[in-house]
Amino acid sequence: MDLTFSTPLKGNLVLCGDYRDAQLLRRPNLYKFVWVRQGRLSLEVDHIPLELQAGELVPLTPLHSLEVTAVDGEYLMLAFDSNFYCIFGHDGEVSCSGLLFNGTSGVLRLALSEARTAALQRVVDELLAEYEVADGLREEMLRMQLKRFIIICTRIARERFSIGADREKLFDTVRRYYVLVDAHFRTKKRVQEYAELLHRSPKTLANLFASCGQPSPLSIIHDRVNAEARRLLLYTARSAKEIAYLLGYEDTAAFSRFFAKMNGESITEFRQREKRE
């Protein structure tokens, strides 16, 4: 069940049953859906262990570092890049930015009902069928099936947060907040700054996030900054001073205090522990 499709504009779509054997998925710019179909799957996302059971699916951004550590069953991975389908440019079509995909290390786990599992399987079957049709319409047909897959996952996520049609516009504010934090977390670290961009008050945002079962607006900012800090510490050789500057801290000590508060250990302890592991 492998599919690897590339467009003349260097867009990529991949469907495979083993991430470790798919070299294309080692590229850093792919959005991914990991769907466990049978048994269990052990992952590390940004070095954080995660075990998924059959019937669970997680979406990941290009920012997330993914390692498959153990497979006891069967899973499927669907991946694509922005050259194949840009979720930001087509947000009006799939409404997944900030919901399925955001830059925090907290992974959204979706539990699939039998009906949703069947719906996603139909899309996978259509993807594989279209891949076999070698004509000028194949690229757009594959893109249409990918959109269907994303939309179904978006609906599952909305159901999880009890977002019905009557609250859809309100929840769009939550999505937009996540997108704005991803874009501005290096320079804007106060809820007030994002509230102004959204033409809302901080109190209104706090109430809205609570009603949708989301973390507080301030904790979302902190989680995003912390996720980036951990990635820079794990995957670059930059010093704490350099990372503090990249994340918008003029004072390295303030950044060090923030990191210790968020992670329960100092920057030095974090790096040493991760190297040992």
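It should be emphasised that the depicted structure is a prediction, and the values quoted were computed from it without experimental measurement.

Chemist: How should the overall build of the protein chain be read in this particular structure?
Modeler: Secondary structure assignment for the protein chain yields ten helices and seven strands. Here the protein chain has a C-alpha radius of gyration of 20 Å; the compact-globule value for 277 residues is 19 Å, and the two agree. Summarising its shape, the C-alpha atoms of the protein chain cover approximately 60 × 50 × 35 Å along the three principal directions. Evaluated residue by residue, the protein chain yields a buried proportion of 47% over its 277 residues. Of the contacts made within the protein chain by residues no fewer than 6 positions apart, 69% connect residues no fewer than 24 positions apart. Of the side-chain charges in the protein chain, 38 are positive and 37 negative, and the distance between the mean point of each set is 6 Å.

Chemist: Teacher, can you tell me more about the side chain of Q145 here?
Modeler: Turning to its location among the elements, Q145 is positioned in helix α3 (residues 138–160). Apart from the residues lying within four places of it in its own chain, the contact partners of Q145 are V123, E126 and L127.

Chemist: I tried to follow the side chain of S97 on my own but got confused; where do I start?
Modeler: When you line up the elements, S97 lands in the loop between α1 (91–94) and β7 (110–111). On the basis of relative accessibility, which here comes to 1%, the residue S97 falls in the buried class. Of the polar contacts made by the side chain of S97, one reaches the side chain of D91; its length is 3.4 Å. Apart from residues no more than four positions distant in its own chain, S97 is found in contact with I87, F88, D91, R175 and V179.

Chemist: Looking at this structure, how should I read the pairing of strand β6 (residues 66–81)?
Modeler: The side chains of a regular strand alternate, residue by residue, between the two faces of the sheet. Here four bridges tie strand β2 (residues 12–16) to β6, and the two strands are oriented antiparallel to one another. By the bridge assignment, V14 is partnered in β6 with A79. For strand β3 (residues 30–45) and β6, the ladder comprises 15 bridges, and the chain directions are antiparallel. Paired with W35 across the strands is L76, a residue of β6.

Chemist: What is the right way to look at the packing of aromatic side chains in this model?
Modeler: Any two aromatic rings considered together are summarised by their centre-to-centre distance and by the angle between their planes. Considering all chains together, one arrives at 15 aromatic pairs under this definition. Between F80 and F101, the ring centres sit 6.4 Å apart and the planes meet at 80 degrees, which makes this aromatic pair edge-to-face. Here the residue F80 occupies a position in strand β6, and F101 occupies one in the loop between α1 and β7, the gap between them amounting to 21 residues. Of the two residues, F80 and F101, neither departs from the other in class, the shared state being buried. If you follow R37 out to its NZ or CZ, it ends over the ring of W35, 4.9 Å from the centre. In this arrangement the basic side chain of K189 is found over the ring face of Y249, its NZ or CZ atom lying 5.1 Å from the centre.

Chemist: Would you explain the environment of K203 in this entry?
Modeler: Take K203: it is sitting in helix α6 (residues 202–211). The exposure class assigned to K203 is exposed, which follows from its relative accessible area of 64%. Each C-alpha atom of the pair K203 and E114 lies 39 Å from the other, and the pair is 89 residues apart in sequence.

Chemist: How should I be thinking about the environment of L52 in this particular structure?
Modeler: Along the polypeptide, L52 turns up in strand β4 (residues 48–53). Classification of L52 as buried rests on a relative accessible area of 0%. Spatially, the C-alpha atoms of L52 and M141 are 30 Å apart, while their sequence positions differ by 89 residues.

What counts, and at which threshold
- Residues numbered from 1 in each chain as written.
- Predicted model: local features only at pLDDT ≥ 70, side-chain atom pairs only at ≥ 80, totals over all residues.
- Heavy atoms only, no water.
- Helix = DSSP H or I, 4+ residues; strand = E, 2+ residues; numbered from the N terminus.
- Rg over C-alpha atoms; globule rule 2.2 N^0.38 Å.
- Buried < 20%, exposed > 50% of the residue type's maximum accessible area, 1.4 Å probe, protein only.
- Contact = heavy atoms within 4.5 Å.
- Lys, Arg positive; Asp, Glu negative; His and termini not counted.
- Charge placed at Lys NZ, Arg CZ, Asp CG, Glu CD.
- Polar contact = N/O pair within 3.5 Å; in protein donor to acceptor, adjacent residues only side chain to side chain.
- Pairing = 2+ DSSP bridges.
- Phe/Tyr/Trp six-rings, centres within 6.5 Å; stacked < 30°, edge-to-face > 60°.
- Lys NZ or Arg CZ within 6 Å of the ring centre and 35° of its normal.

Honestly, it's all geometry; don't read function into it.
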